[in-house]
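For reference, the chains in residue letters:
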There are 2 protein chains.
Amino acid sequence: MPYNPVTDEILEALRGIVGEEHLVLRADLAEEYSHDEMAPVRGWPEVAVFPRSTEEIARIVTLAHENRIPVTTRGAGTGLMGGATAVEGGILLVTARMDRVLEVDEANMVARIEPGVVLLTFQEEMEKRGFFYAPDPGEKSATIGGNVMTNAGGMRAVKHGVTRDHVRGLKVVTADGSVIDLGGKVAKNASGYNLMHLMIGSEGTLGIVTEITVRLLPLPAELTSLLVPFQSLEDAVGVVPTLGKEGIIPQALEFFRRDVLEASTDYLGRAFPHGGAPVYLLLRMEASSPAEMERLIDRTGRLCLEAGAEDVLIADTAERQRALWDARGAFLEALGWSEQDECDIVVPRDRIAEIVLYSDRIAEDIGLRLSSFGHAGDGNIHINILRENLERGEWESRRDRVMELIYQKCAELGGKVSGEHGIGHSKRAFLAQYSHPVELEMMRRIKAAFDPGGILNPGKIL
Amino acid sequence: MPYNPVTDEILEALRGIVGEEHLVLRADLAEEYSHDEMAPVRGWPEVAVFPRSTEEIARIVTLAHENRIPVTTRGAGTGLMGGATAVEGGILLVTARMDRVLEVDEANMVARIEPGVVLLTFQEEMEKRGFFYAPDPGEKSATIGGNVMTNAGGMRAVKHGVTRDHVRGLKVVTADGSVIDLGGKVAKNASGYNLMHLMIGSEGTLGIVTEITVRLLPLPAELTSLLVPFQSLEDAVGVVPTLGKEGIIPQALEFFRRDVLEASTDYLGRAFPHGGAPVYLLLRMEASSPAEMERLIDRTGRLCLEAGAEDVLIADTAERQRALWDARGAFLEALGWSEQDECDIVVPRDRIAEIVLYSDRIAEDIGLRLSSFGHAGDGNIHINILRENLERGEWESRRDRVMELIYQKCAELGGKVSGEHGIGHSKRAFLAQYSHPVELEMMRRIKAAFDPGGILNPGKIL
């Protein structure tokens, strides 16, 4: 797809839209804007703009549309698949200044926000107002716009679902600069093809989201976390279906192994309330009263012990819970001393042990360190592939081999290439390999229908 | 769009696919197959076929594709918008024989079913196995395939969401006869454009669903219903945001007025536990223990009384609850002595009173009986327009005027043309009128991308 360069004339027009001080030329742009948090993908935009409104974005896209210039939208740049990297140059549109909570509608229990609102800030602000924004991706400095564009999942998906399940409406700038509203404050909608759900998870390739209406829930009255050490992975993840059948759905249900935990506690420089077990489950339970919580913990603890747990440690103060979840939250950073890549696979949750043990075998066969952890409650596992001290060429070839094997096994188990991190630039080949050709062709046609000129985030997904 | 007729040669080929006994010619077809439950839309197919498998459906669609013949898919025919009526003739593909529950996967808490499985049958079967299929549209004899294709909502949407929220995977026959699997047993998915969510609610115009993977929940331990009479509609629906802010989310939260209730009890020939109030809320609460239920009912009752409720009647036995919900379930049939049409609007839930009181005014102005009831918890209101003894031409012209005014008001309040019944053939003009031209154009392009020949359920949605 031949694109045009960003000329002086276009720069002048962009300055007229966003203002001189909100435009940065490539030469002056910080290095971090050429990549995201993990993907080994580099791409420099010709110019970065920091718009402040839907109207400014519509004008930028109109200009790009008329001049056939790529537009890559970037939130906080915390993605892991190169989805927000300007691999074809052009304009990088950064949403950082669109960080306003526009409305909190308490009667309808929705909030209308801009895409650059940071997840943690928003969660805390809503909590102060007595509301609960349920999506809880591990990366709290991500923007909610980015969460919507990757359909981010996170810890609380077990009970509350993923970002998609909490979006009620989107304002979108389309590839020709039009502004459309999809959904709204309504709780239900059966009015034609659901373009909002198509837009969610489309990684900025079908339109640019400029406003998001999310639903708010009541704050859970009681929260308690359980740390449950096990001797074997199979026993640990085997508890998940048992809990479900017994009617117990934790808010969060994570698993991790000793190596990742040790890396994390070293990284944080803090002690962990238990050490030495090969594998842990970490659960957070919601209840509406202390009595209900007590009953829930009793039942959960009993089922874990019956399934072979060594112990059940209860963290019922906010401080104790924070210690546990901070350790979990730091996994990715803790592994980050070494160059890494990852597979964000999702499998039916009864196949978790199978794929993780398979990854152990291939790590040994291929000679590469793999660290896996993830969401036991929903089958979404992050298998991190670590370079450590490997020579570059060797690392790349072993990494590629590992990925091939893992995605292949994942497909055999009825899994998918990405559970929550998206496809971005890095995983396009695997999406293509493990999608039905007709499904891929439909995706291509959708892209062509929404963005005939191919200017929106080129080089992603397909 | 010029279609070809179903020739003798094609009939012969169809007989070869489904078998002589599963093909019915137009001349022999029962009248009910020419329309649905309500829409004043008639359309006779040239032939109806009753396939039994994905493979048969793929062969039928391939044949239709090669010969440019329309294919309209029909479940139980309980739709209200003419969505399953063969308005362009061709082949009517009835899913009635595809009524098998293929798999209940307890470990992953999903079931894989065929599209012709009847909602009530499935709900009961799952309940016997200790599972809860949460979507609960009023029409229990609908097929789940039809529910998926209209993204049906229903009573329990307040707490559990709509059909979309419970679909994990779809097997789909595309317009050229290919078979693709979208989603699966996985709980999360961020692998490219979400064609599954696009397919849900597309009313058979983008593909034909031949298998559905739905998620199952644990059965709620405790269920209790509350009947709450009010003197005014504003007071009644005003309770809804109050409950939400207090952290109370009922499983179901319906409102209805005296006229509809009386029609229903007359129709059923049964007494109702309370009579004479102008408006009622009917709530069903879920709790995990009797103690929690007691607390929940106390708090809910108190909030209702503070909001002006006359009384709070508690139905805690299965029998008493059934009496209440049977009355609610019979509303549509009870009004059905008279020809009718309906607006299935959805508004932000704090605007319910406004639109219902507006409908009272226009009923009086225009001289037509309107009966409204619906889902107070999510703002989805069914405004039924009754012909009663009006002369046909007069009825049609008044009905059209009422619809115009109601959809216009609905749009002003930030609402949508359909909350849960879909667009079908009847409401196309209103979808077109109240959608952004760019949104409509995107829908048209999606239709063209999925079904370039326009053979799948023509004359619907767009």
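The shown structure was predicted, so the numbers you read here are calculated from the model rather than taken from an experiment.

Definitions and limits used
Residues numbered from 1 in each chain as written. Chains lettered and ligands numbered in written order. Predicted model: local features only at pLDDT ≥ 70, side-chain atom pairs only at ≥ 80, totals over all residues. Heavy atoms only, no water. Helix = DSSP H or I, 4+ residues; strand = E, 2+ residues; numbered from the N terminus. Buried < 20%, exposed > 50% of the residue type's maximum accessible area, 1.4 Å probe, protein only. Contact = heavy atoms within 4.5 Å. Polar contact = N/O pair within 3.5 Å; in protein donor to acceptor, adjacent residues only side chain to side chain. Phe/Tyr/Trp six-rings, centres within 6.5 Å; stacked < 30°, edge-to-face > 60°. Lys NZ or Arg CZ within 6 Å of the ring centre and 35° of its normal. Pairing = 2+ DSSP bridges. Axes fitted to C-alpha atoms, helices over the stretch in contact; angles between N-to-C directions. Least-squares fit on C-alpha atoms with pLDDT ≥ 70 in both. Parallel < 35°, antiparallel > 145°, perpendicular 65-115°, else oblique. Left-handed = near helix turned anticlockwise from the far one by under 90°. Nonpolar A, V, L, I, M, F, W, Y, C, P; charged D, E, K, R; others polar. Buried area = accessible area lost by both parts, 1.4 Å probe. Salt bridge = Lys/Arg side-chain N within 4 Å of Asp/Glu carboxyl O.

Participant: Where do I start with the overall build of chain A in this structure?
Facilitator: Within chain A, the regular secondary structure consists of 15 helices and 18 strands. Overall, chain A is about 70 × 60 × 45 Å in size when its C-alpha atoms are taken along their principal axes. Expressed as a percentage of its 462 residues, the buried residues of chain A come to 63%. Once local pairs closer than 6 in sequence are excluded, the contacts in chain A between residues at least 24 apart make up 74%.

Participant: Before we go on, may I ask you to explain unusual backbone geometry in this structure?
Facilitator: Note: most peptide bonds trans; most residues except glycine with negative phi. Positive phi values are uncommon outside glycine, yet Glu388 of chain A reaches one of about 50 degrees. Residue placement: Glu388 of chain A occurs in the loop between strand S18 (380-386) and helix H13 (392-412).

Participant: Help me understand the side chain of Glu420 of chain A in this model?
Facilitator: Among the structural elements, Glu420 of chain A can be located in the loop between H13 and helix H14 (428-433). Within the local environment of Glu420 of chain A, its side chain forms a polar contact with the side chain of Lys188 of chain B, the two groups lying 2.8 Å apart. The contacts of Glu420 of chain A, once residues within four sequence positions are left out, are Thr150, Asn151, Ala152, Gly153, Gly154, Asp344, His375, Asn380 and His382 of chain A together with Lys188 and Ala190 of chain B.

Participant: Got a minute to help me understand the packing of aromatic side chains in this structure?
Facilitator: The relative placement of two aromatic rings is captured by the distance of their centres and the angle of their planes. Following the criterion strictly, the structure yields 16 aromatic pairs over all chains and no others. Summarising the aromatic geometry, the rings of Phe331 of chain A and Phe373 of chain A are spaced 5.0 Å apart at their centres and angled 70 degrees between planes, so their arrangement reads as edge-to-face. Here the residue Phe331 of chain A occupies a position in helix H11 (residues 331-334), and Phe373 of chain A occupies one in strand S17 (residues 369-375), the gap between them amounting to 42 residues. We note that Phe331 of chain A, like Phe373 of chain A, is buried. An angle of 90 degrees between the planes, with centres 6.0 Å apart, marks the rings of Tyr33 of chain B and Phe50 of chain B as edge-to-face. Taken together, the positions of Tyr33 of chain B in the loop between strand S1 (23-25) and strand S2 (47-49) and Phe50 of chain B in the loop between S2 and helix H2 (54-67) put the pair 17 residues apart, joining distant regions of the chain. In this structure Tyr33 of chain B comes out as buried when scored by relative accessible area, which is 18%. On the accessibility criterion, Phe50 of chain B (12% relative accessible area) is buried. These aromatic residues form a ring-pair network of at least three members: Phe256, Phe272, Tyr280, Phe331 and Phe373 of chain A. Residue placement shows Arg399 of chain A over the ring face of Trp395 of chain A; its charged tip is 5.5 Å from the ring centre. Residue placement shows Arg284 of chain B over the ring face of Trp325 of chain B; its charged tip is 4.1 Å from the ring centre.

Participant: Please explain the sheet that holds strand S3 (residues 71-74) of chain B as it appears in this structure.
Facilitator: Residue and element names in this part refer to chain B. With respect to topology, 4 strands assemble into an open sheet ordered S1-S2-S4-S3, the strand pairing being mixed. At either margin of the open sheet sits one strand with a lone partner, and together these are S1 and S3. Going across the sheet, the axis of each strand differs from the next one's by a mean of 20 degrees, ignoring polarity. Across 3 bridges, S1 lies against S2 in antiparallel orientation.

Participant: I'm lost on the relation of the copies chain B and chain A in this one. Help?
Facilitator: A rotation about an axis combined with a shift along that same axis relates the two copies of the chain. Superposing chain B onto chain A takes a rotation of 180 degrees combined with a translation of 0.0 Å along the rotation axis, leaving an RMSD of 0.0 Å. Taken together, the rotation and translation describe the operation of a two-fold axis. Interface overlap between copies is the fraction of interface residues in one copy that are interface residues in the other; for chain B against chain A it reaches 99%, indicating a shared surface.

Participant: Can you walk me through the packing of helix H12 (residues 352-366) of chain B against helix H13 (residues 392-412) of chain B in this structure?
Facilitator: Working note: a packed helix pair is described by the angle between its axes plus the distance between those axes. Residue and element names in this part refer to chain B. Direction vectors running N to C along H12 and H13 enclose 155 degrees, while the axes themselves pass 10 Å from each other. On the basis of the axis angle, H12 is roughly antiparallel to H13. As H12 runs across H13, the sense of the crossing is right-handed. The residues of H13 that touch H12, namely those facing Ile355, Tyr358, Ser359, Ile362 and Ile366, are Arg398, Arg401, Val402, Leu405, Ile406, Lys409 and Cys410. Within the contact of H12 with H13, the residues separate by chemical class into 8 nonpolar, 1 polar and 3 charged.

Participant: Please explain the interface of chain B and chain A as it appears in this structure.
Facilitator: Size of an interface, as often reported, equals the accessible area lost when the parts are brought together. Opposite the 82 residues of chain B that make contact, chain A presents 81 residues. For the pair chain B and chain A, the summed buried area comes to about 6200 Å², and 62% of that belongs to carbon and sulfur atoms. It is Lys188, Ala190 and Tyr193 of chain B that lose the most area in chain B upon contact with chain A, and together they represent 15% of the buried surface on that side. Linking chain B with chain A are 4 salt bridges, by the criterion used here. Within the residue set of the side of chain B that touches chain A, elements represented by two or more residues are strand S9 (179-183), helix H6 (195-199), strand S11 (217-218), helix H7 (233-245), helix H9 (290-306) and helix H15 (437-450) of chain B. Looking at the side of chain B that touches chain A, its residues break down into 34 nonpolar, 29 polar and 19 charged.

Participant: How should I be thinking about the sheet that holds strand S3 (residues 71-74) of chain A in this particular structure?
Facilitator: All names here are of chain A. The strand order across the open sheet formed by 4 strands is S1-S2-S4-S3, and the pairing between neighbours is mixed. With partners counted over all chains shown, the strands left at the sheet margins are strand S1 (23-25) and S3, one partner each. Taking each pair of neighbouring strands and ignoring which way they run, the sheet shows an average axis angle of 20 degrees. Against the sheet, helix H1 (residues 8-18) touches S1, strand S2 (47-49) and strand S4 (91-94), its axis set at about 150 degrees to S1. Docked against the sheet, helix H2 (residues 54-67) engages S2, S3 and S4, running at close to 165 degrees with respect to S4.

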